[in-house]
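Summary of the model geometry
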Amino acid sequence: MSRHDHSLVFIGGGPRTAGVLERLGANAPELLPTAVDIHVVEPFTAGSGRIWRFDQDPGLMLNSMAGDVTMFTDASVACAGPAVEGPDLAQWAAALTAGTLDDAPLLHAHLAEQAATLTRASFPTRQLHSAYLEWFFRRAVATLAPQATVTVHLDTALEVTAAKEGIHTVRLAGGTVLAASAVVLALGHTDATVHGPSAHFADFAARHGRFHAAPAYTTDVDYSALDPGQDVIVSGMGLAFVDLVVLLMEGRGGRFRKRDDGELDYVPSGHEPRLWAGSRRGVPFHSKISATLRGTAPGAAQFFTAEAVQRLLVDHSELDFRTQLWPLIAKDTAHSYYQELFSGSPERVSMDWSEFSDALAGLDWYSPERSTLVTSAVPDPALHLDFERLDHPLDGFIYGTPGEVADAVVEHIAEDLRRRDSEEHPETLALFLGLLRAYMDVASLVPAERLSAGSHAAVHGWWHGFFSFVDSGPPPHRLRQLLAIHRAGLLEFLGPNLQVTAEESSGLFRATAAQGATTVMAAAFIEARLPAPTVAHSANPLLSSLHSSGGGAEQHLLTADGTVSTGRLLVSDSHQVVGSRDEATESLFAVGPGTSAWGSGAFARPNSNAAPFRENDALARLLLLTLTQRSTLTAFSGRTLS
């Protein structure tokens, strides 16, 4: 192994690490005067990592269209480093099929078939996406040469020691110890030990011989103990729920048959359990959108802008997200929505766009005057943008029987498909784009240190959840499949406000929802969601080691109810890990969904000035400066110690 004056270790080799590696290569000619050894520690395949690995059910898909997925920091990205153009997932598949792709990977036959039929509007499988990510990783590594060597360790990191004389040591499960001038933790979604209410359910299941699955990455859970026809309570109706349905239905041999009217029938294999699903909202995430914009092209943000936030910062030492920032986001998103409605579907409104937009600009979002303006300009109340109704679509319903609950959920799904999987409502796409822009802009416009503790909780909790519910749902055909499975009697909808308890007298789990209108008893209970971020209860050995040693700490927020932990690894504005003594470690960095930084994914839509790409560039430049400014020990840097 070559020895260079500088060394860098990435712990985690998924798409976030690949993106930072690409930015290191792009910025190295300007900022790196010497060579560097780079090590990537990843127990799965580098590039795709655990979540996007090839080795998972072939029926699992992305919830993004192929034309909306890129790893390249294109010219739209506002960053200090140079732009690097490259193919999005759809373009990559087309070039691969045409034989025009440089360093094209050799795909499995079924993936080559998928690539050949992929369009920009297709929802690709995760297996095909894994091939794109792994190709990008290899490309990023190639662009680093000759200034850097990259070594991948198919292993798990157990411990990172504090820097001594400018050098960290990273101990791997296989016995290797790496020396590093700087370390980047890019662990992605990590597992947690079973704790809190889930531990109570797990203990109950163990004592009574029942089945319980705590929050986890769905495809990593063993569901083989679930018998055909067995009743299973499912808590959560987001993307993890959709994956669960795929694994327990098609994954057990069921299939879908298209009817003459275009809808689907589900043909069971006889091996499926029966699912009873509910959640806080009681409905699945909104469908992805198939419409295209037909009105005036969206412009720049009008109300949630740097200038508007700066005015708030001048007047307030601390900002409240829900009362001060959200109304600006809501108004800005509504501006995008109504602009498309007015310019793309003028027959649905009774006012000129210029008149409406001028009036809207002078009104607070939650003012009665704004409601009056919308009512006078948009005759159909169903087209009025109501964020509260959007967030809780079944609020206000009075349920009498379980059948009425299920009917309400079915009608909600059907209406969602009518609006989102149709060219008749392009305003839904404008809403999607407006929310996406705001979600990406929050971190860049609002200084995290100027937010109240409650606002941090709102950003990581309500805001992320609402955005995911509206913008990060499944492909529309997945919702049609849910309806077909429901008609087949294998999926029952419990409704909103789901409560699950463990009943000692019967030894069964009890689920109650929809103001008590639906109740079911079952011997199996699945919490269908990813585990919440946690350092204190992390199942990742490195995070556990950092926490116990004081080298890393959870983010704690001071609220009216006292100090509350978010569970996230505390990092500085520059992504430096902050220890238990509230001191940032200069050369230990962390990025991703488990950190206190406002996460925004690892890949994004092309030409969207994507936040993760801005962050990758800033981190890469900081890493290069750190490597060149720190004094290192040449005898130990970038080599295996044992």
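Calculation notes
Residues numbered from 1 in each chain as written. Predicted model: local features only at pLDDT ≥ 70, side-chain atom pairs only at ≥ 80, totals over all residues. Heavy atoms only, no water. pLDDT = per-residue confidence, 0-100. Contact = heavy atoms within 4.5 Å. Pairing = 2+ DSSP bridges. Helix = DSSP H or I, 4+ residues; strand = E, 2+ residues; numbered from the N terminus. Axes fitted to C-alpha atoms, helices over the stretch in contact; angles between N-to-C directions. Phe/Tyr/Trp six-rings, centres within 6.5 Å; stacked < 30°, edge-to-face > 60°. Buried < 20%, exposed > 50% of the residue type's maximum accessible area, 1.4 Å probe, protein only. Lys NZ or Arg CZ within 6 Å of the ring centre and 35° of its normal. Core = buried A, V, L, I, M, F, W, Y, C linked by side-chain atoms within 4.5 Å. Parallel < 35°, antiparallel > 145°, perpendicular 65-115°, else oblique. Left-handed = near helix turned anticlockwise from the far one by under 90°. Salt bridge = Lys/Arg side-chain N within 4 Å of Asp/Glu carboxyl O.

Some thoughts on the confidence of the model for the protein
Low pLDDT means the predicted atomic positions in that stretch should not be read closely. Model confidence for the protein is summarised by a mean pLDDT of 93, while 96% of its residues fall at 70 or above. This stretch, residues 631-642, has a pLDDT under 50; its non-local contacts, to residues over four places away or in other chains, come to 37 contacts.

Examining the sheet that holds strand 2 (residues 36-41)
Strand order in the open sheet formed by six strands is 3-2-1-7-21-20, and the pairing between neighbours is mixed. A strand with exactly one partner marks an edge of an open sheet, and here the two such strands are strand 3 (148-153) and strand 20 (576-578). Strand after strand, the sheet turns through a mean of 30 degrees between neighbouring axes, direction not considered. The pairing of strand 1 (residues 6-11) with strand 2 spans six bridges and is parallel. Residue pairing for strand 2: isoleucine 11 is matched across the bridge by valine 41. Sitting on the sheet, helix 1 (residues 15-31) touches strand 1 and strand 2, and the angle it makes with strand 1 is about 155 degrees.

Here's the deal with the packing of aromatic side chains
By convention here, two paired aromatic rings are described through the distance between centres and the angle between planes. Under the counting rule described, the total for this entry stands at 31 aromatic pairs. Here tyrosine 439 and tryptophan 463 contribute two aromatic rings whose centre-to-centre distance is 5.9 Å and whose plane-to-plane angle is 45 degrees, an arrangement assigned as tilted. Within this pair, whereas tyrosine 439 is found in helix 13 (residues 427-445), its partner tryptophan 463 is found in helix 14 (residues 453-471), the two being separated by 24 residues in sequence. This pair shows no difference in class: tyrosine 439 is buried, exactly as tryptophan 463 is. Connected via pairs of aromatic rings, a cluster forms that spans Phe321, Trp326, Trp365, Phe387, Tyr439, Trp462, Trp463, Phe466 and Phe467. When the ring centre of tryptophan 462 is taken as origin, the NZ or CZ atom of arginine 322, which lies over that ring, is 3.8 Å away. Over the ring of phenylalanine 303 we find lysine 331, and its NZ or CZ is 4.4 Å from the ring centre.

Observations regarding the nonpolar core
Formed by 97 residues in total, the largest nonpolar core has its most connected members in Phe241, Tyr338, Phe342, Phe356 and Trp463. Excluding residues within four positions of it along the chain, phenylalanine 241 makes contact with Val234, Gly236, Ala277, Leu482, Leu491 and Ala528. Judged by nonpolar contacts, the second largest core, of 54 residues, contains Val36, Ala46, Ala115 and Tyr132.

Describing unusual backbone geometry
For the peptide bond that leads from alanine 145 to proline 146, omega is 5 degrees, which places it in the cis range. As for its placement among the helices and strands, proline 146 is situated in the loop between helix 4 (126-144) and strand 3. Here glutamine 515, not a glycine, exhibits a phi torsion of approximately 55 degrees, which is positive. Along the chain, the position of glutamine 515 falls in the loop between strand 15 (508-513) and strand 16 (518-522). Taking the relative accessible area as the measure of exposure, glutamine 515 reaches 55% and is therefore exposed. Positive phi values are uncommon outside glycine, yet histidine 575 reaches one of about 70 degrees. Mapping histidine 575 onto the fold places it in the loop between strand 19 (562-569) and strand 20.

Examining the packing of helix 8 (residues 321-344) against helix 14
Contact pair helix 8 / helix 14: the axes reach a minimum separation of 11 Å and the direction vectors enclose 40 degrees. In terms of their interaxial angle, helix 8 and helix 14 are classed as oblique. The chirality of how helix 8 crosses helix 14 is right-handed. Counting all contacts with helix 8, which are made through Phe321, Arg322, Trp326 and Ile329, the residues of helix 14 involved are Ser455, Ala458, Val459, Trp462, Trp463 and Phe466.

A word on the pattern of salt bridges
With the rule as written, the count across this model stands at 29 salt bridges. Aspartate 617 serves as the salt-bridge partner of arginine 23, at 2.9 Å between the closest nitrogen and oxygen. Highlighted residues: arginine 23 in helix 1 and aspartate 617 in helix 17 (residues 611-629), separated in sequence by 594 residues. Look at arginine 23 and you get buried, because its relative accessible area is 0%. A relative accessible area of 1% places aspartate 617 in the buried class. The partner of arginine 419 in a salt bridge is glutamate 415, and the shortest N-O contact between them spans 2.8 Å. Pair noted here: arginine 419 and glutamate 415 are both in helix 12 (residues 402-420), with a separation of four residues, about one helical turn. Under the relative-accessibility criterion, glutamate 415 is labelled partly exposed at 27%.

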